[in-house]
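Coordinate analysis (summary)
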2 protein chains.
Amino acid sequence: MSVHDVVVLGGGPGGYLAAERLAAAGRKVLLIEKGRLGGTCLNVGCIPTKTLLACAKHYAAALEGERFGVRAERVTFDWSAMQAWKREVVERQLTGLAATEKRLGVEVLKAEGRLLGPGRVEAAGELRQASAVVVATGSVPALPPISGVRGNPRVVDSTGLLEWPDMPRRLCVIGGGVIGVELAGLFGSLGGQVDVVEMLDEIVPFMDRDQAAVLRRAMKAVRFHLGCKVESVDGATVSFRAKDGTAAKIEADLVLMAVGRQPAVAGWGAEEAGLDLRAGAVVVDERMRTNLPGVWAVGDVTGRSLLAHAAYRMAEVACADVLASAGVGPGSRDRMRYDAIPWVVYGMPEAAGVGATEADARARGLAIKKASLPLRANGRFAAEQGFSAVGAVKLIAEAATDRVIGIHLVGAYASEMIWGAAAVVEQELRVSDLKQIVFPHPTVSEAIREAAWEIA
Amino acid sequence: MSVHDVVVLGGGPGGYLAAERLAAAGRKVLLIEKGRLGGTCLNVGCIPTKTLLACAKHYAAALEGERFGVRAERVTFDWSAMQAWKREVVERQLTGLAATEKRLGVEVLKAEGRLLGPGRVEAAGELRQASAVVVATGSVPALPPISGVRGNPRVVDSTGLLEWPDMPRRLCVIGGGVIGVELAGLFGSLGGQVDVVEMLDEIVPFMDRDQAAVLRRAMKAVRFHLGCKVESVDGATVSFRAKDGTAAKIEADLVLMAVGRQPAVAGWGAEEAGLDLRAGAVVVDERMRTNLPGVWAVGDVTGRSLLAHAAYRMAEVACADVLASAGVGPGSRDRMRYDAIPWVVYGMPEAAGVGATEADARARGLAIKKASLPLRANGRFAAEQGFSAVGAVKLIAEAATDRVIGIHLVGAYASEMIWGAAAVVEQELRVSDLKQIVFPHPTVSEAIREAAWEIA
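Residues numbered from 1 in each chain as written. Chains lettered and ligands numbered in written order. Predicted model: local features only at pLDDT ≥ 70, side-chain atom pairs only at ≥ 80, totals over all residues.

Observations regarding the overall build of chain A
- What chain A contains, in helices and strands, is 14 helices and 25 strands.
- Here chain A has a C-alpha radius of gyration of 23 Å; the compact-globule value for 456 residues is 23 Å, and the two agree.
- Summarising its shape, the C-alpha atoms of chain A cover approximately 65 × 55 × 45 Å along the three principal directions.
- Expressed as a percentage of contacts within chain A between residues at least 6 apart in sequence, the contacts between residues at least 24 apart total 67%. (Helix = DSSP H or I, 4+ residues; strand = E, 2+ residues; numbered from the N terminus. Rg over C-alpha atoms; globule rule 2.2 N^0.38 Å. Contact = placed C-beta atoms within 7 Å.)

Quick look at the structure:
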């Protein structure tokens, strides 16, 4: 038996950040991870995808230099060299992460962990006791019951695709959510034939519908089949049916299954320990407490906002409460809120947003005012992207209060501009406040300011 | 004689935005510009520089693809093709601007204007009367009395350099301020031999000293000669003397004079009309009013914050007051403040900042707390820039109040991330507020959040 102040179950973003913050506050922390530190995000998600995307952007830049007065001959890419760069980046990040845990005194145990009950976790054949347990087991790819998918060597999930030894010339993506769109953009930009089959009428369901359409139209290298239900997969041939009943087939070399992810609630004792589960996720309150005393849960396993940075924030909220419950510092007034969490689709181009879409506002019965601006009039955008590039800014404010409740971007730099929008929404600023903020010229970000001046 | 509600003198960012906003509010506006609409910024400043920089970035991307698995042979650039793209972008922006003025009903007069006194301007041989006059005559490059500079065909200002028919193989830049550094970065990245001679001990005086040093060290393609005073220029040979008395020479093909800009107060009747001038600039109050009733001034001519976006904001403040003084809408409570105006140095890499530097805080006698973080641990930064790329985030907060008073960035995306920092400083947020804002992962912007958690 070993005794700790805190046991953290799962070493992804939510788990490792919780471990770091609690260790930094002087707690004795055991972090249990069965695989590699960093979780899905670092090992098979955000970081490898964005690294390959950086490669694809270099390829695109080399190909498209002509307009900018740059000539290059015989531009080619080497998939295995890209893979090597990806591995190097992931390993470096992992080394850095392990060093951080060590520096802060987090004890890392490579083992499967099992929650036995409040304060009790079993791992590597030993009982681990702690006054606080933080569950951060993450999520796994969802696998829908489509005929011909299970056991098919030509069907991969995102992890499999990122590791695929050769660049697939023809890729069929089942699912037009964020993972499907990002990987479709990546392979499309590398010159592959890419088809996306999506059951709904538009891609990326959490995006504002107008903005999702802008993104889809901008991704010219990808063919989208909307409102189409996949019926079966045979080898790498995908058969689907459109809403009007028309049947069609796509012949590909590889099929990516990207229909979403689901909380990882199996295999670590959640049910046996008596954790309250709903819709396949661990139920938490606004301080990330579960129904079991002394057990918190953070990140994807809660089924809320399956994003690494949402997990970070949940971890911070949980840590504040863990420390408060241990009598360290003042009682925690930190609460998790989900209305100011930005998201990014690292497509080609990027999209990002924070807060309410028009549909969200309608669902909440809010009267809104709004503004949409295309980016083509923006000086920097045109200078860098050319005149035919697509991008748009959309701003949504509550009519009654003038409060900005949603900011939505498609186009270059969206990922790096959106944190300011998160600040605006989190701080509940009004349109009149936003109009007084000075944006540097010439930037793409100025379009947000212009939208504020146009709002009506 | 013609009669208007408002006469605007000068068609740069401050002037054209004032004209647009006042016309949109129903005022009859005459905009007088002797040259081309758009002023320095659009025609010979921000937009052409950033367009050429976009070209240089494509060139660098094509050259540096190897690490990212991208191969290209015989990568070359064509200076005249770059110039052509630059002209195309500028012309498009100009066309768009002219169309906006027309759509809003602004009357544009191409002529030299002369302020005769309150409500009276002369242009194209005719008296123009208006209840409000907005002066926005901009600035001109400063030309210091260095021997061998005046009349020397090998010495150009930024306008001359941007139009230079051939790419200069060896460029010597006199002055390490923002213009000198941006153009040095541009030509250095194109493979030219570039020297910058700066009288002070560090480049870009308005930057935080630590961050300026980071930027300088990151610009490996440029040789900086700090603490060196230029004594004479002979052809394209620049002679200077270091602080320790050592004399040295740089032989170049072209010399860029970039020692700053000064308000354009000559040639349009400022003195004769009785405008209050101080240190060569038009004196204004916080509503942009001059000493003459019914005469406002905005932009570079005020000598404050010589930036296009500062001119925009001044124009908005002036417009609110112009409208209030005409009895349109409520009295203006809009006031110009200079402590939350972001700036960008479009160097290689970029730098940006907003609010107080450490030196500013010291000068104001403020006790501060701070954090500095290098970007090399940032996942996206490493994935896109490589492990040896340089970048840093610096955060400064007032110790007594926890208020964030300065955010300073060097590295990729700085220009597009900084608006959020402007929002934080403008809204007087505390470090504790900044820590609650969720930043998307993986982004470079996350480093700002990490700095907030590290601040002490």
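A word on the relation of the copies chain A and chain B
- Between chain A and chain B, the superposition needs a rotation of 180 degrees and an axial shift of 0.0 Å, giving an RMSD of 0.0 Å. As the rotation angle and translation indicate, the two copies are arranged about a two-fold axis. No C-alpha of chain A approaches the rotation axis more nearly than that of Gly420 of chain A, which lies at 1.8 Å.
- Comparing interface residues between copies, 99% of those in chain A also lie at the interface in chain B; the contact surface is shared. (Least-squares fit on C-alpha atoms with pLDDT ≥ 70 in both.)

Focus on the packing of helix H1 (residues 13-24) of chain A against helix H9 (residues 308-325) of chain A
All names here are of chain A.
- Across the interface, H1 lies against H9 with an axial gap of 8 Å and an inter-helix angle of 35 degrees. Once H1 is placed against H9, the crossing between them reads as right-handed. Of the residues in H9, those in contact with Pro13, Gly14, Leu17, Ala18, Arg21 and Leu22 of H1 are Ala308, Ala311, Tyr312, Met314, Ala315, Glu316, Ala318, Cys319 and Val322.
- Looking at the contact of H1 with H9, its residues break down into 12 nonpolar, 1 polar and 2 charged. (Axes fitted to C-alpha atoms, helices over the stretch in contact; angles between N-to-C directions. Left-handed = near helix turned anticlockwise from the far one by under 90°. Nonpolar A, V, L, I, M, F, W, Y, C, P; charged D, E, K, R; others polar.)

What to know about the nonpolar core
- Val134 of chain A together with Val134 of chain B are the most contacted members of the largest nonpolar core, which totals 332 residues.
- Those residues in contact with Val134 of chain B, other than ones at most four positions away along the chain, are Val6, Val8, Leu9, Gly15, Ala18, Trp296, Val298, Ala318 and Val322 of chain B. (Core = buried A, V, L, I, M, F, W, Y, C linked by C-beta atoms within 7 Å. Buried ≥ 20, exposed ≤ 12 C-beta atoms within 10 Å, placed from the backbone.)

With respect to the sheet that holds strand S23 (residues 368-374) of chain B
Residues and elements named next belong to chain B.
- Judged by pairing direction, the sheet is antiparallel, and its 5 strands sit side by side in the order S21-S22-S25-S24-S23 without closing on themselves. Of all strands in the sheet, those bounded by a partner on one side alone are strand S21 (343-345) and S23. Along the sheet, successive strands turn relative to each other by an average axial angle of 10 degrees, direction set aside.
- Pairing of strand S24 (residues 392-398) with strand S25 (residues 404-410), which is carried by 6 bridges, proceeds in the antiparallel orientation. From the neighbouring strand, Ala397 faces S25, where its bridge partner is Val404.
- Contacting S23, S24 and S25, helix H14 (residues 446-454) crosses the sheet at an angle of about 135 degrees to S23. (Pairing = 2+ DSSP bridges.)

What about the pairing of strand S15 (residues 247-251) of chain B?
Residue and element names in this part refer to chain B.
- Taken together, the 5 bridges between strand S14 (residues 237-242) and S15 define a ladder with antiparallel strand orientation. When the sheet's bridge partners are listed, Ser239 is paired in S15 with Lys249.
- Here S14 hands over to S15 after 4 residues, with Gly245 in that stretch at a positive phi of 95 degrees.

Some details on the interface of chain A and chain B
- Every contact between the two is made by 71 residues of chain A and, on the other side, 70 residues of chain B.
- The class makeup of the residues in the side of chain A that touches chain B is 43 nonpolar, 16 polar and 12 charged.
- Direction of pairing for strand S3 (residues 70-77) of chain A relative to strand S3 (residues 70-77) of chain B: antiparallel, over a ladder of 5 bridges. Pairing of Thr76 of chain A across the sheet is with Arg71 of chain B, part of S3 of chain B.

Quick look at the packing of H1 of chain A against helix H4 (residues 79-104) of chain A
All names here are of chain A.
- Across the interface, H1 lies against H4 with an axial gap of 9 Å and an inter-helix angle of 25 degrees. When the interaxial angle is binned, H1 and H4 end up roughly parallel. The crossing of H1 and H4 is left-handed. Of the residues in H4, those in contact with Tyr16, Ala19, Glu20, Ala23 and Ala24 of H1 are Leu97, Thr100, Glu101 and Leu104.
- Class assignment of the residues belonging to the contact of H1 with H4 gives a composition of 6 nonpolar, 1 polar and 2 charged. (Parallel < 35°, antiparallel > 145°, perpendicular 65-115°, else oblique.)

Let's talk about the domain arrangement of chain A
- Domain boundaries in chain A define domain 1 (2-141 + 262-325), domain 2 (155-259) and domain 3 (349-454).
- With centres defined by C-alpha atoms, the gap from domain 1 of chain A to domain 3 of chain A works out at 30 Å. (Domains from an automatic or database assignment.)

Some thoughts on the sheet that holds strand S13 (residues 228-234) of chain B
Residues and elements named next belong to chain B.
- If you walk across this open sheet you meet the 3 strands as S13-S14-S15, and the pairing is antiparallel. A strand with exactly one partner marks an edge of an open sheet, and here the two such strands are S13 and S15. Direction aside, neighbouring strands of the sheet carry axes that sit 25 degrees apart on average.
- Two strands pair when backbone bridges link them, and S13 and S14 are joined in this way by 6 bridges, in the antiparallel orientation. Paired with Lys229 across the two strands is Arg241, which belongs to S14.

So, unusual backbone geometry
- Cis geometry is adopted by the peptide bond preceding Pro349 of chain A, which originates at Met348 of chain A and carries an omega value of 5 degrees.
- Tracing the sequence through the fold places Pro349 of chain A in the loop between strand S21 (343-345) and strand S22 (351-355).
- With a phi close to 45 degrees, Arg74 of chain B is a non-glycine residue in the positive phi region.
- Of note, Arg74 of chain B is situated in strand S3.
- Looking at Arg74 of chain B, the number of C-beta atoms within 10 Å reads 8, which means it is exposed.
- The backbone of Ala124 of chain B sits at a positive phi, close to 50 degrees, despite the residue not being glycine.
- Among the secondary structure elements, Ala124 of chain B is positioned in the loop between strand S6 (120-123) and strand S7 (126-135).

A look at helix H6 (residues 178-189) of chain B
Residues and elements named next belong to chain B.
- The end-to-end C-alpha distance of H6, which contains 12 residues, comes to 16 Å, matching closely the 16 Å that a straight helix rising 1.5 Å per residue would cover.
- Here H6 lies mainly inside the structure; 12 of its 12 residues are buried.
- When we look at burial in H6, the residues that qualify are Val178, Ile179, Gly180, Val181, Glu182, Leu183, Ala184, Gly185, Leu186, Phe187, Gly188 and Ser189.
- Taken from the residues just after H6, Gly191 is the one with a positive phi, measuring 95 degrees. (Expected span 1.5 Å × (residues − 1).)

Focus: H9 of chain A
Residue and element names in this part refer to chain A.
- If you check H9, its first and last C-alpha atoms are 25 Å apart, about what 18 residues at 1.5 Å a residue would give, namely 26 Å.
- Within H9, 16 of the 18 residues are buried, which leaves it mostly tucked inside the rest of the structure.
- In the stretch just after H9, Gly327 is the one whose phi turns positive, near 80 degrees.

A short note on the pairing of strand S5 (residues 113-117) of chain B
Residue and element names in this part refer to chain B.
- Sheet topology places S5 next to S6; 4 bridges connect them, and they run antiparallel. For Gly113, the partnering residue across the bridge sits in S6 and is Ala123.
- In sequence, S5 turns back onto S6 through a hairpin of 2 residues, with Gly119 there showing a positive phi of about 75 degrees.

Side note on the confidence of the model for chain A
- Residue-level pLDDT values for chain A average 96, and 100% of them are 70 or greater.
- Across the assembled chains, the prediction reports ipTM 0.96 with pTM 0.96. (pLDDT = per-residue confidence, 0-100.)

What about the environment of Thr40 of chain B?
Residues and elements named next belong to chain B.
- Looking at where Thr40 falls in the secondary structure, it is placed in helix H2 (residues 39-44).
- Distance from Thr40 to Thr159, taken between C-alpha atoms, is 8.9 Å for residues 119 residues apart in sequence.
- Leaving out residues up to four positions away in the same chain, Thr40 has contacts with Gly12, Gly45, Gly138 and Ser139.

A few points about the environment of Ala142 of chain A
All names here are of chain A.
- With respect to the element layout, Ala142 can be found in the loop between strand S8 (139-141) and strand S9 (155-156).
- Judged by C-beta crowding, with 14 C-beta atoms within 10 Å, Ala142 ranks as partly exposed.
- Along the primary structure Ala142 and Ala258 are separated by 116 residues, whereas in three dimensions their C-alpha atoms are 7.8 Å apart.
- Once you skip the residues sitting within four places of it in the chain, Ala142 turns out to touch Val259, Gly260, Arg261 and Gln262.

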